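Analysis of the macromolecular model
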Amino acid sequence: MEKHIKNLNEQQLEAVTSTEGYVRVIAGAGSGKTKALTSRYAYIVETLGISASNILCVTFTNKASREMRLRVKKLIGDQHDLSYITTYHGFCVRVLREDINKIGYPKNFVIMDVEDQKTILRDIYNEFGITSKLITFKQVLRHISRRKSSQEYLDYIINPTKKEPKNDLDKIFYRYLQKQQRNFALDFDDLINFTLYIFLTDKVVFEKWKQRLHYIQVDEMQDSSEKQFRLVSMLSETHKNLFVVGDPDQTIYEWRGARPEFLVDFNQQFPSSKTILMNQNYRSTPNILTLGNHIIKNNKVRVDKDMFTQNPQGVEVVHFHAKNESEEGNWIAEEISRLVSKEVCNFSDFAILYRANHISRSIEQALVKKNIPYTIFGGIRFFERKEIKDILSYLRMVEFEDDISFLRIINTPSRGLGKKFIEEVSMIAENDNISLYSALQKNIASDGLNRKGAKDFIDLIEEFQKLRSKKKISDLIKIILDQSGLTELFRTDGDTDRLDNLIELQNSIIAFESEDEDISLDEFLQEITLYSDVDLEEDQGDKVKLMTIHTSKGLEFPFVFLCGFNEGILPSAMSIKERRAKAIEEERRLTYVAITRAEKALYLTESEGYNFSTGQNKQPSRFLFEINENFLVRKGEFRKDVDDSHLRMPSRLTGIPIDQEFKVGDIIEHKVWDEGEVIEVNREKGEYLIYFSLIDSKKPINFEFKGLTLIESKTSEDIVEDTAEEVTIKKSDSEISETEDLAKSLQKENDFKSIESDIRAQIRQFASKEYPKDKEMQDYVFSNQLEDFKFMDNVKDKQVKNIAIKDWPEDFTMQKHVYEKNIVSKNFMKNVSDKKLNKYAKKEWPSDFTMQQHVYEEQLEAKNQMIEFEHRDFAKRAEEEWPEDFKMQVYFYEKLVSGEEK
Ligand SMILES: Nc1ncnc2c1ncn2[C@@H]1O[C@H](COP(=O)(O)OP(=O)(O)OP(=O)(O)O)[C@@H](O)[C@H]1O
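Residues numbered from 1 in each chain as written. Predicted model: local features only at pLDDT ≥ 70, side-chain atom pairs only at ≥ 80, totals over all residues. Heavy atoms only, no water.

**Description of the packing of helix α37 (residues 849-868) against helix α38 (residues 872-881)**
Let me state the cut-off plainly: Fitted lines through C-alpha atoms give the axes, limited to the stretch in contact for helices. The angle between two N-to-C directions lies from 0 to 180 degrees. Secondary structure follows DSSP: runs of H or I at least 4 residues long count as helices, runs of E at least 2 residues long count as strands, and numbering of each begins at the N terminus. In this analysis, two residues are considered to be in contact whenever any of their non-hydrogen atoms come within 4.5 Å of each other. The residue classification treats Ala, Val, Leu, Ile, Met, Phe, Trp, Tyr, Cys and Pro as nonpolar and Asp, Glu, Lys and Arg as charged. All others, Gly included, are polar.
With their axes 9 Å apart at the nearest point, α37 and α38 run at an angle of 145 degrees to one another. Listed contacts from α38 to Met 866, Ile 867 and Glu 868 of α37 are Arg 872, Ala 875 and Ala 878. Class assignment for the residues of the contact of α37 with α38 results in four nonpolar, no polar and two charged.

**Considerations on the site of the ligand**
The condition is simple: A cutoff of 4 Å decides nearness: a residue is near a molecule or strand if any of its heavy atoms lies inside that distance of it. As used in this structure description, the phrase polar contact means that two N or O atoms lie within 3.5 Å; if the pair is within protein, one of them must be able to donate a hydrogen and the other to accept it, and residues adjacent in sequence are counted only when both atoms belong to side chains. Under the convention used here, a 1.4 Å probe and the Shrake-Rupley method define accessible areas, while residue burial counts only the protein chains that appear. Note that the domain bounds were set by an automatic or database domain assignment.
Near the ligand there are 17 residues, and of these Gln 12, Gly 30, Arg 283, Glu 556 and Arg 597 occur at the shortest range. Here Gln 12 contributes a side-chain N or O atom positioned 2.9 Å from a nitrogen atom of the ligand. The contact in question runs from an oxygen atom of the ligand to an N or O atom on the side chain of Glu 556, over 2.7 Å. Protein contacts shield 79% of the accessible area of the ligand, which totals 640 Å² for the unbound molecule. Tallying contributions element by element places helix α2 (residues 33-47) first for the shell around the ligand, with three residues. Looking at the shell around the ligand residue by residue, the classes come out as two nonpolar, 10 polar and five charged. Domain assignment of the residues forming the shell around the ligand places at least three in each of domain 1 (3-84 + 213-278) and domain 2 (290-380 + 539-654).

**Some words on the pairing of strand β2 (residues 55-59)**
Quick reminder of the rule: Exposure categories follow from relative accessible area, calculated using a 1.4 Å probe and restricted to protein chains: below 20% of the type maximum is buried, above 50% is exposed, and the middle band is partly exposed. At least two bridges found by DSSP between two strands are what make those strands a pair.
The buried count for β2 comes to five of five residues, which makes it a mostly enclosed element. Every second residue of β2 is oriented toward a common face, with Ile 55, Cys 57 and Thr 59 on one face and Leu 56 and Val 58 on the other, all of them buried. Examined bridge by bridge, β2 and strand β6 (residues 215-218) share four bridges and lie parallel to one another. Paired with Ile 55 across the two strands is Tyr 215, which belongs to β6. Two strands pair when backbone bridges link them, and β2 and strand β3 (residues 85-87) are joined in this way by three bridges, in the parallel orientation.

**A look at the packing of aromatic side chains**
Any pair of aromatic rings gets described here by the distance separating the centres and the angle formed by the planes. The test is simple: Classification of ring pairs uses Phe, Tyr and Trp, with its six-membered ring standing for Trp, and accepts pairs whose centres are within 6.5 Å; under 30 degrees between planes counts as stacked, over 60 as edge-to-face, and the remaining range as tilted. Distance and angle both matter: a charge sits over a ring if NZ of Lys or CZ of Arg is within 6 Å of the ring centre and within 35 degrees of the ring normal.
Using the criterion set out here, one finds 27 aromatic pairs in the structure. Chaining the aromatic ring pairs together yields one cluster made of Phe 320, Trp 331, Phe 350, Phe 559, Phe 561 and Tyr 603. Above the ring of Phe 243, the side-chain terminus of Arg 40 is found at 3.7 Å from the ring centroid.

**Observations concerning the sheet that holds β3**
Pairing is parallel in the open sheet, where six strands are placed in the order β3-β2-β6-β7-β1-β8. What marks the edges here is a single partner per strand, and that holds for β3 and β8 (274-278). Each neighbouring strand pair of the sheet contributes to a mean axis angle of 20 degrees, computed without reference to strand direction. As paired strands, β6 and strand β7 (residues 242-246) are joined by three bridges and run parallel to one another. Residue pairing in the sheet places Val 218 in a bridge with Val 244 of β7. Its contacts with the sheet put helix α1 (residues 10-17) on β1 (22-27), β7 and β8, and the angle it makes with β8 is roughly 145 degrees. The sheet contacts of α2 involve β1, β2, β3, β6, β7 and β8, and relative to β6 the element is tilted by about 170 degrees.

**Focus on the side chain of Gln 228**
Residue position: Gln 228 is located in helix α11 (residues 226-235). Excluding anything up to four places from it in sequence, Gln 228 contacts Tyr 88, Ile 192 and Asp 223.

**Observations regarding the nonpolar core**
Here is the rule we go by: By nonpolar core we mean a set of buried residues, namely Ala, Val, Leu, Ile, Met, Phe, Trp, Tyr and Cys, connected to one another through side-chain atoms within 4.5 Å.
Phe 194, Leu 235, Leu 395, Leu 440 and Phe 524 are the most contacted members of the largest nonpolar core, which has 136 residues in total. Looking at which element gives the most residues to this core, the answer is helix α17 (residues 386-400), with eight residues. Lining this core are residues from two domains, each supplying at least three of them: domain 1 (3-84 + 213-278) and domain 3 (382-529). Among residues more than four places away in sequence, those in contact with Leu 395 are Ile 473, Leu 476, Ile 477, Ile 480, Leu 521, Phe 524 and Leu 525. In this structure, Leu 291, Ala 351, Leu 562 and Leu 570 belong to the second largest nonpolar core, which totals 30 residues.

**Remarks on the pairing of β1**
Looking along a regular strand, one sees the side chains alternate between the two faces of the sheet. Counting buried positions along β1 gives six out of six residues, so the element sits mostly inside the fold. Every second residue of β1 is oriented toward a common face, with Tyr 22, Arg 24 and Ile 26 on one face and Val 23, Val 25 and Ala 27 on the other, all of them buried. As defined by bridge partners, β1 adjoins β7 across five bridges and the pair is classed as parallel. The residue bridging Ile 26 from the neighbouring strand is Gly 246, located in β7. Where β1 lies against β8, five bridges are found, and the strand directions are parallel. By the bridge assignment for β8, Ile 26 is matched with Leu 277.

**Remarks on the sheet that holds strand β12 (residues 350-354)**
Read from one edge to the other, the open sheet built from seven strands follows the order β13-β14-β12-β15-β16-β11-β19, with strand pairing classed as parallel. The open sheet has two free edges, formed respectively by β13 (374-376) and β19 (632-635), since each of these has just one partner strand. Each adjacent strand pair in this sheet contributes to an overall mean axis angle of 20 degrees, direction not counted. Summarising the sheet, β12 and strand β14 (residues 544-548) pair through four bridges and their orientation is parallel. Bridge pairing in β14 places Ile 352 opposite Leu 546. Against the sheet, helix α14 (residues 286-296) engages β11 (317-322), β16 (598-607) and β19, with an angle of about 55 degrees to β16. This element, helix α15 (residues 325-341), spans β11, β12, β14, β15 (557-562), β16 and β19 of the sheet and lies at about 155 degrees to β16.

**A few points about the UniProt feature "binding site: ATP" (unreviewed entry) in the protein**
Quick note on the threshold: UniProt positions are given in the numbering used here, feature names are shortened, and annotations may be inferred rather than shown by experiment.
Mapped onto the present numbering, the UniProt feature "binding site: ATP" (unreviewed entry) falls on Ala 27, Gly 28, Ala 29, Gly 30, Ser 31, Gly 32, Lys 33 and Thr 34. Tracing the backbone shows Ala 27 in strand β1. Those residues in contact with Ala 27, other than ones at most four positions away along the chain, are Lys 33, Val 245, Gly 246, Asp 247, Met 278 and Lys 305. Its place among the elements puts Ala 29 in the loop between β1 and α2. For Ala 29, a relative accessible area of 1% puts it in the buried group. In this structure Ala 29 touches Asp 247, Gln 250, Asn 281, Arg 283, Met 307, Tyr 592, Thr 596 and Arg 597, once residues within four positions along its chain are discounted.

**Topic: the side chain of Asn 293**
Within the fold, Asn 293 resides in helix α14. Overall, Asn 293 belongs to the buried group, its relative accessible area being 10%. Excluding its chain neighbours within four sequence positions, the residues that come into contact with Asn 293 are Asp 306, Met 307 and Tyr 592.

**Focus: the environment of Ile 372**
Here Ile 372 lies in the loop between α16 (360-369) and β13. On the basis of relative accessible area, Ile 372 is assigned to the buried category, the value being 4%. Each C-alpha atom of the pair Ile 372 and Lys 543 lies 7.6 Å from the other, and the pair is 171 residues apart in sequence. Residue contacts for Ile 372: discarding those within four places in its chain leaves Ala 333, Ile 336, Ser 337, Phe 347, Leu 367 and Val 544.

Below you can see the structure in the form of structure tokens.
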């Protein structure tokens, strides 16, 4: 048997040898899907003799694709071109480098990451005189991404025409597009949009790619977005060999567009497809696996599959309950020390996982106290750090002379070239339609630009450009760091971390060069820009690893602590607020991912105390109550009300949390409004509609709300009787309070049939404008839009409805999205505690609740930061300068500390 299919189990072998047609593998946690994928790739190359350049293998992260390339190399040697083992973004870059010229873009277009986007925005803010007091970068970036979720903007960017922006955000958006266009710069959203656009509009190019890719395999399919799935299914049209692997139970990116249903419904989309189920787990002990199976079963949206293992039983899973966070941290540190000192294992065998970054603080303190070495995976992304961005911008300036890099480094380190100088250069560039750097070069002798700093800058860049072809990148970086003054800047800055990071960057480049001696500056920059993970090798020493559950995806560790396992943290209160029932399922999947990372031992820990994000005392996670007592041992001293609470607690903590506790007709008591009757139970929103006679009003009350007590329950006979009366009850109710509304809505109902055809026509038109050449997508958009139209037609909150319609007059899906977001935010704003900030946020965005919430949260975070800053004199100055705006205070404070502001 060939070496790459040795040691595979029956299902893995089937997956490896099922090379033709549409194949779906539902592979549970730890079932060896990476092994199956790499073996399959090797099998296609070695046994079938297909060239690697005809196989596309898409992974979710850069890290995963590097890992896969490495494993494949081990199997088939390194004489193959493995560059099609890549991410979606990486693949799109390949297509665009080859074919973007078909839409008038140069092949050496620039790829921008978030920092680059911000650089453009800074420039636009200057130009329009906008400050972050009015609109934050975060808001604009979100707006840009939202606008780019449809393809409409591409027509504008490719054939610029005059547009009338609807509001300030849109004004910035169109300016941003112009600047992108002038620089031939693409952000991450553009990579896939441009690729799809080219495929849809250029038959010859599309045909070439479809022909080229005989085999396509996709890893982590459950996390692919709609566009990503579309891309691979379109590409597989000719050869029809599409192999997708994933685990719907491990979907943890739905919040940013993952669509697991493409994996779940794959067999419907491709009726001829074959499904292989890989459910033998090789990673964990039966104790750990049973716990995982047990929890994930509570999810409703899933493909049912129980994982099994033949591994030995192992030790029991432990749940530790602590009195407070520090006890929780200390207990973990103690347990690690105990096991290491017994020589059962090393520090590096432990991983401590948590839902949110901030949880690590108390754990870190405990580890430091006990002298336990640890490393944090994925804290601040390496390539997002200032010093790294600065040096990379120099490199990009040398290679591309683009505006983004120019703006970032022209005055870093300071060359006395301030805002006015930049404005002058910008004006010339704008008039002559050339880059900023050319504008400066060509006009360096002119009065406004004839400055020593500017001449020095040009000399430097020209000097570096001369060296580019003679030196290795690692050497070039060293020269740039020294000659540009960056090293000196960071040395005097006193932040030695920055210097260490620069050294780390040089080490990573040396590693690159040892793998590929001839790597060009262009290729290197391209590779770097695509890093969205922490892509430098993580600290490899004998250290405990701390990371978020999201970062732990795909990894495995002998000993795992899942800490901060509290209600409001896991599940996250914020996610539930935003996405309700959907969020609960995703949070449960996160828990499942965390549990299934463990090989030998698993600890679940949580503590009592106050939770600042929910504003309540902490409770154990609802998921803990889903676990049968037989599956774990409990340690720690329980408070009386926590200890036996799973017996007494309402269903929201004992079982499937989103299940309602009360039925229509139940009489309940509310802390403030006394007696009320449940009128409606909306499971989708997770709320009841309750009529309170005291205030003669109906209120939506959250399922989670703890202040309701049942007074009288409706029996099932009552329910049957009531159904007959329901219409009358509803009517008389409406007659009292909403006669006018009811009349209108009845009228509307009658009218609906007649207007329906108009709406249908309007939506058809919208869909064909969105996807002019794609009938399938038109139908898809049409049916979604129609559903969302009906939703919007029925919504109750007119104020929020108008906001949504104003923003998106033609797009019902976006209306629904805006409506739902604004409703959540409206409720949020009703309950906020800081009245001053509330007022501030409302003043900033009188008719946008989502923005209000964001401004509020950002300001609150900045306010808390200001309290903690150690240079109190600077903090005071910042407060005086920006008395109302805490974000600006932080910004100003940082400028004062860095000496940029005196
Ligand atoms: N057929 C096999 N025989 C023995 N060990 C195996 C086999 N297949 C996989 N393994 C081992 O099982 C472990 C899990 O494999 P792998 O990391 O590929 O799982 P996975 O499906 O990618 O997991 P997850 O989705 O949870 O990240 C690895 O340590 C791997 O070496």
